[in-house]
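Take a look at the letters that make up each chain.
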Amino acid sequence: MLTAGIKGREETIVSEANSAKTMGSGTLNVFATPAMTALMEETAWKSVAPYLEEGCGTVGTLLNITHDAPTPFGMKVWCESELVEVDGRRLVFQVTAYDEKGRIGGGRHERFIIQNEKFQAKADKKGE
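Everything in this summary refers to the structure shown in the same document. (Residues numbered from 1 in each chain as written. Predicted model: local features only at pLDDT ≥ 70, side-chain atom pairs only at ≥ 80, totals over all residues. Heavy atoms only, no water.)

A closer look at the environment of Val 86
Put simply, the rule reads: Secondary structure counts use DSSP, requiring at least four H or I residues in a row for a helix and at least two E residues in a row for a strand, with both numbered from the N terminus. Pairs of residues are marked as contacts when any of their non-hydrogen atoms sit within 4.5 Å.
Along the chain, Val 86 turns up in strand S3 (residues 76-87). Here the alpha-carbon distance between Val 86 and Arg 111, two residues 25 residues apart in the chain, equals 10.0 Å. Look past the residues within four positions of Val 86 in its chain and what remains in contact with it is Leu 2, Thr 3, Ala 4 and Leu 91.

Structural data, given as structure tokens:
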């Protein structure tokens, strides 16, 4: 059962693959904001996945975050999430990202519970 208080944690290592230069969000060899955003989304959805009904998933609908500090190659980065609100199918998370020196970003992230097959069919229909 989905209730406020569910927590998640995921981590990665900063590398060329998730750098601002490679991801196109800048020209420097530092952890990219899009990579931090993806880590935040991954942390949130994985934290609630075990509590969803069979055939259901979540999709991101809103991010309101800041990226406050750079992280160089080789450093570990992790995100911690907490489900702070459940409003029907709308889920609200507090997300915070850290590196080995401290907090690097954070904010709010909303996800919406969907039926996977129905959602995929709707998306596929757009391509016809």
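Examining the packing of aromatic side chains
Put simply, the rule is: Stacked, tilted and edge-to-face are the three classes applied to pairs of Phe, Tyr and Trp rings, where Trp contributes its six-membered ring and a pair requires centres within 6.5 Å; stacked means planes under 30 degrees apart, edge-to-face means over 60, and tilted covers the rest. Accessible area is worked out with a 1.4 Å probe on protein chains only. A residue is then buried under 20% of its type maximum, exposed over 50%, and partly exposed in between.
The full count for this structure, using the stated rule, is one aromatic pair. Here the aromatic rings of Trp 78 and Tyr 98 are separated by 5.7 Å at their centres, their planes lie at 20 degrees, and the arrangement is stacked. Taken together, the residues Trp 78 in strand S3 and Tyr 98 in strand S4 (residues 90-99) connect sequence positions 20 residues apart. By relative accessible area, which is 16% here, Trp 78 ends up buried. Look at Tyr 98 and you get partly exposed, because its relative accessible area is 23%.

Digging into the sheet that holds strand S2 (residues 56-67)
Our working rule: Each pair of strands is called paired provided DSSP finds at least two bridges between the two strands. All axes here are fitted lines through C-alpha atoms, helices being fitted over the stretch that makes contact, and every angle between N-to-C directions spans 0 to 180 degrees.
Spatial strand order, S1-S3-S4-S5-S2: five strands in an open sheet with antiparallel pairing. Unpaired on one side and paired on the other, strand S1 (7-13) and S2 mark the two borders of the sheet. If you compare each strand with its neighbour and ignore which way they point, the axes differ by 25 degrees on average. Bridge count for S1 against S3 is seven bridges, and the pairing is antiparallel. Directly across from Lys 7, in S3, lies its bridge partner Glu 82. Relative to S2, helix H2 (residues 33-48) is tilted by about 140 degrees, and along the sheet it contacts S1, S2, S3, S4 and strand S5 (102-115).

A short note on a positive patch on the surface
Let me state the cut-off plainly: For patch detection, residues must exceed 30% relative accessible area and be free of salt bridges, and they are connected within 9 Å for like charges or within 5 Å for nonpolar side chains (Val, Leu, Ile, Met, Phe, Trp, Tyr). For accessible areas, the Shrake-Rupley method is used with a probe of radius 1.4 Å. Any residue's cover is judged against the shown protein chains and nothing else. Salt bridge criterion: a side-chain nitrogen from Lys or Arg within 4 Å of a carboxyl oxygen from Asp or Glu. Asp and Glu count as negative and Lys and Arg as positive, but His and the ends of the chain are not part of the count. Note that the charge is assigned to NZ on lysines, CZ on arginines, CG on aspartates and CD on glutamates.
A surface patch of positive charge is lined by Arg 89, Lys 118, Lys 122 and Lys 126. Position of Lys 122 among the secondary structure elements: in helix H3 (residues 116-126).

Focus: the pattern of salt bridges
Applying the stated criterion to the full structure yields eight salt bridges. Linking Lys 46 and Glu 10 is a salt bridge whose minimum nitrogen-to-oxygen distance equals 3.9 Å. Of this pair, Lys 46 sits in helix H2 while Glu 10 sits in strand S1, and the two are 36 residues apart along the sequence. According to the relative accessible area criterion, Lys 46 is partly exposed, its value standing at 33%. In this structure, Glu 42 and Lys 46 form a salt bridge, with 2.7 Å as the shortest nitrogen-oxygen distance. Residue Glu 42 and its partner Lys 46 are both found in helix H2; the two are separated by four residues, about one turn of the helix. With relative accessibility at 27%, the residue Glu 42 sits in the partly exposed group. The structure contains a network of salt bridges with shared partners spanning Glu 85, Asp 87, Arg 90 and Glu 110.

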